[in-house]
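# Examination of the molecular architecture
One-letter residues, chain by chain:
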Amino acid sequence: MKNFQLQAKILAQTKIKNSYWRCTLRAAPIARLARPGQFVNIKISAGLTPLLRRPFSIHGISGDKLTLLYEVVGQGTQILAQKKAGESLDIIGPLGNGFELKSARPALIVAGGMGAAPLLFLATKVKTLVLVGAKTKEQLLCVQEFKKSGCRVKISTDDGSAGFKGRVSELLKHNLAGYNTIYACGPKPMLKAVAEVAKKYKLPAQLSLEEHMACGIGACLGCVVKTKDGLRRVCKEGPVFLAEDLIW
Ligand code: FES
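As the structure is a prediction and not an experimental result, all values here were calculated from the model. (Residues numbered from 1 in each chain as written. Predicted model: local features only at pLDDT ≥ 70, side-chain atom pairs only at ≥ 80, totals over all residues. Heavy atoms only, no water.)

### Comments concerning the overall build of the chain
Here is the rule: For helices the rule is a DSSP run of H or I covering at least 4 residues; for strands it is a run of E covering at least 2, with both sets numbered from the N terminus onward. The classification of residues rests on relative accessible area computed with a 1.4 Å probe and restricted to protein chains. Under 20% of the type maximum is buried, over 50% is exposed, and intermediate values are partly exposed. Working rule for contacts: check all heavy atoms of both residues, and any pair within 4.5 Å makes them a contact. We get accessible surface area from the Shrake-Rupley algorithm with a probe of 1.4 Å; when it comes to residues, only the shown protein chains can shield them. Charge assignment: positive for Lys and Arg, negative for Asp and Glu; neither His nor the chain ends contribute. Working definition for charges: the position is that of NZ of Lys, CZ of Arg, CG of Asp or CD of Glu.
From N to C terminus, the chain includes six helices and 16 strands. Across its three principal axes, the chain shows a C-alpha extent of roughly 50 × 40 × 30 Å. In the chain, which comprises 248 residues, the proportion classed as buried is 50%. Of the contacts formed within the chain by residues at least 6 apart in sequence, a portion of 59% connects residues at least 24 apart. Of the roughly 11500 Å² of accessible surface on the chain, a fraction of 53% belongs to carbon and sulfur atoms. Taking the 37 positively charged and 17 negatively charged side chains of the chain as two groups, their mean positions are separated by 4 Å.

### Describing the layout of surface pockets
To be explicit about the condition: Only protein atoms enter the 1 Å grid used here. Points where a 1.4 Å probe fits but cannot escape make up a cavity, open sets with protein on both sides within 12 Å along at least five of seven lines make up a pocket, and a residue lines them when an atom lies within 4 Å of a point. Grid points are joined across faces, edges and corners, and a volume is the space filled by probe spheres set on the points.
One number sums up the size of the largest pocket: a volume of about 1300 Å³. Lining of the largest pocket is provided by 42 residues; of these, E71, V73, M114, P187 and E210 occupy positions nearest its centre. Counting only elements with at least two residues in the lining of the largest pocket, the list comes to β4 (54-57), β6 (65-71), α2 (75-82), α3 (116-125), β9 (129-134), α5 (168-173) and α6 (188-200). If one sorts the elements of the lining of the largest pocket by residue count, β4 sits on top with four residues.

### Notes on α3
When you tally the buried positions in α3, you get eight out of ten residues, the bulk of the element. For α3, the set of buried residues is A116, A117, P118, L119, L120, F121, L122 and A123. Packed against the buried residues of α3 are β4, β5 (60-62), β6, β8 (107-112), α4 (143-148) and β12 (181-185).

### Focus on the packing of aromatic side chains
Just so we agree on the cut-off: The criterion for an aromatic pair is that two Phe, Tyr or Trp rings (for Trp, the six-membered ring) have centres within 6.5 Å, with stacked assigned to planes under 30 degrees apart, edge-to-face to planes over 60 apart and tilted to the rest.
Under the defined criterion, the tally for this structure stands at two aromatic pairs. Ring centres 6.0 Å apart and planes at 80° place the aromatic pair F56 and Y70 in the edge-to-face group. On the criterion of sequence distance, the pair formed by F56 in strand β4 and Y70 in strand β6 is long-range, its members being 14 residues apart. No difference in accessibility class separates F56 from Y70, as the two residues are buried. With a centroid separation of 5.4 Å and 85° between ring planes, the pair formed by F99 and Y183 is classed as edge-to-face. You can see F99 sitting in the loop between β7 (88-95) and β8 and its partner Y183 sitting in strand β12, a full 84 residues away along the chain. Residue F99 is classed as buried on the basis of its relative accessible area of 3%.

### Some remarks on α6
Just so we agree on the cut-off: Multiply 1.5 Å by the residue count of a helix minus one, and that product is the helix's expected span.
The end-to-end C-alpha distance of α6 is 18 Å, a good match for the 18 Å that 13 residues give at a rise of 1.5 Å each. Of the residues making up α6, those classed as buried are M190, L191, A193, V194, A195, V197 and A198. Where the residues of α6 are buried, they touch β8, α5, β12 and β13 (205-208).

Scope: geometric values only; no functional claims are made or implied.
Here it is, written out as structure tokens:
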């Protein structure tokens, strides 16, 4: 699949809340090609630290601009958050397979925590019901943005501080009627639970995995997952896999 390496100018860098940030970049060739579920690989620093590029889901596309949603969790994202509008980042993309949109509809979207990052882009194409889950109310992401994209939203929190009290996979069980495809992204235990629901109700589910990556281009095998067809690289054959193909 075609991709580009380029210097992308930062147009905006906004702290949304807590440690969550949104960054908008000008990257016309990548924006033109990108599909929901794909990602970009960013060299955050020109120096040696951090040495490796970091993967970021494509959160949204608007004309020649692409938006990323990220959480400051380590050195790389700390440095990224300090970058200002006007600076440039060396980025490669679009990478990965992305979601298959031709699947039977209607579809349901399930976003757990930072899983909202690639799913907002998907939601702009598949306007549907989005289930947004997080541990607490403070960690819920993109509820208003999903609504603005034309979707209906239901929320769950593990501690009951907002919406349904419990896991988003539980909320999913209560909202399956009328849907025949599931798209989901989030932490592994959540995706495993979504895969179990999909299996139980015999629904196809496309899961975007949030695996740690090193090279991001299929060279290091640092991101492999077990599938029915053997080991597969999340950065190359993924990050989106059919739930029925994954071995947990
Ligand atoms: Fe190197 Fe996937 S990160 S092969």
